Amino acid sequence: MDAPMVFPLDPELVEVLREAEKQLDLGDGFFGRLDEYDDWTLVIVSGTLIDTKIHRLLVSALAPGGASEEVDRFLWKEMQARKRREFAARLGLLSESDVRLASFIAQVRNYAAHDFKAINGFSIPRYFERLDPKEREKLAMDVFPSEAGAASVDRDNWHPFGRPYLVGRVKLLIAGISKRESLETQKKLNEDFVRIVGDRT
C-alpha cells in the first residue's frame, strides 16, 4: 500500500519553524523530533502548541498598538480554545482545513489528558477504533482532507501511514500559523507607522 502524500515543507516554512522554536523557547530541532514522540506525548504537545499559536495569531491580528496585553488576557480568559479557532476562521486567519485538523488534535488531546486509564498504552489507532463508524469517518476526513488521502483511509481502522501524515500536517499547520502571525504583526507595524507619519504631517 502506498502512503498518502505527507505535506513537504519548503525551505521558507522550515525556517519559519526554526523561528517558532526560538519564539516559544522549544530548543533547536524540536519540530524535527516531533515524529519521535509516542502518541500520547504527540497529541498533548501538538494540541498545546496549536492552541498557543492560534492565540498568538489572534493577538497579532487584533491588538492595536499597545493593547496587546488586554487582548491577550481577554482571549485567554474569556474564550475557550474551540471559540478561538472558530473566531480565527471567521476573521480569515485559519482555513476550514486548519480548523478541522486543530479540532481533531484537540479532541484526541482532551481524551488522552483527562482519561487517566488512557495514559498507559494510549495510541491514536486505539482511540480511533473505540469510535463509532460515523465518528471514525469524520475524523479520518479531518486528518486526510484530500481526495487521495481520504480514499486511502480504511474507515474501520486507523490508516497505517496516518501517523507520519498527521505529524507532517501538524508541522505545516504550525508553520502556516507562524507565518500568518508574522504577517499580521508586520501589517500592524506598517499601519502604526502610517498613522504616526500622518499625525505629524
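For clarity, every value in this text was computed on a predicted model and none was experimentally measured.

Draft legend 1. Highlighting the nonpolar core. Counting residues in hydrophobic clusters, the biggest one holds 49 residues, and the most contacted among them are Ile50, Ile54 and Leu166. For this core, the elements supplying multiple residues, two or more each, are helix 1 (11–23), helix 2 (39–62), helix 3 (68–78), helix 5 (96–114), helix 6 (124–129), helix 7 (133–143) and helix 9 (162–200). When residues of this core are assigned to their parent elements, the largest contribution, ten residues, is made by helix 2. If near-sequence neighbours (up to four positions away) are discounted, Ile50 is found in contact with Ala102, Ile105, Val170, Leu173 and Ile174.

Draft legend 2. Spatial organisation of the side chain of Arg84. Residue placement: Arg84 occurs in helix 4 (residues 81–90). Buried and unpaired, Arg84 has Asp51 as its nearest opposite-charge partner, separated by 5.1 Å. For Arg84, the contacting residues outside a window of four places in its chain are Ile54, His55, Leu58, Leu75, Trp76 and Met79.

Draft legend 3. Structural context of helix 5. Taking 1.5 Å of rise per residue, the 19 residues of helix 5 would be expected to cover 27 Å, and the 27 Å separating its terminal C-alpha atoms lies within 8% of that figure. Among the residues of helix 5, Asp98, Val99, Leu101, Ala102, Phe104, Ile105, Ala106, Val108, Arg109 and Ala112 are the ones counted as buried.

Draft legend 4. Inspection of the environment of Arg73 at higher detail. Looking at where Arg73 falls in the secondary structure, it is placed in helix 3. Along the sequence, Arg73 and Val59 sit 14 residues apart, while their C-alpha atoms lie 9.6 Å from each other.

Draft legend 5. Spotlight on the packing of helix 5 against helix 7. It is the contact of helix 5 with helix 7, at a shortest axis distance of 8 Å, that shows an interaxial angle of 125°. Considering their axes alone, helix 5 and helix 7 lie oblique with respect to each other. Judged by the sense of rotation from one axis to the other, the crossing of helix 5 with helix 7 is left-handed. Only Leu139, Met141, Asp142 and Val143 of helix 7 make contact with helix 5, whose side of the interface consists of Arg100, Leu101, Phe104 and Gln107. Grouping the constituent residues of the contact of helix 5 with helix 7 by class yields five nonpolar, one polar and two charged.

Draft legend 6. Fine view of the pattern of salt bridges. Enumeration over the complete set of coordinates arrives at nine salt bridges. The residue Arg85 makes a salt bridge to Asp51 at a minimum N-O spacing of 3.8 Å. Taken together, the residues Arg85 in helix 4 and Asp51 in helix 2 connect sequence positions 34 residues apart. Like Arg85, the residue Asp51 is buried in the burial classification.

What counts, and at which threshold
Residues numbered from 1 in each chain as written. Predicted model: local features only at pLDDT ≥ 70, side-chain atom pairs only at ≥ 80, totals over all residues. Heavy atoms only, no water. Core = buried A, V, L, I, M, F, W, Y, C linked by side-chain atoms within 4.5 Å. Buried < 20%, exposed > 50% of the residue type's maximum accessible area, 1.4 Å probe, protein only. Helix = DSSP H or I, 4+ residues; strand = E, 2+ residues; numbered from the N terminus. Contact = heavy atoms within 4.5 Å. Lys, Arg positive; Asp, Glu negative; His and termini not counted. Salt bridge = Lys/Arg side-chain N within 4 Å of Asp/Glu carboxyl O. Expected span 1.5 Å × (residues − 1). Axes fitted to C-alpha atoms, helices over the stretch in contact; angles between N-to-C directions. Parallel < 35°, antiparallel > 145°, perpendicular 65-115°, else oblique. Left-handed = near helix turned anticlockwise from the far one by under 90°. Nonpolar A, V, L, I, M, F, W, Y, C, P; charged D, E, K, R; others polar.

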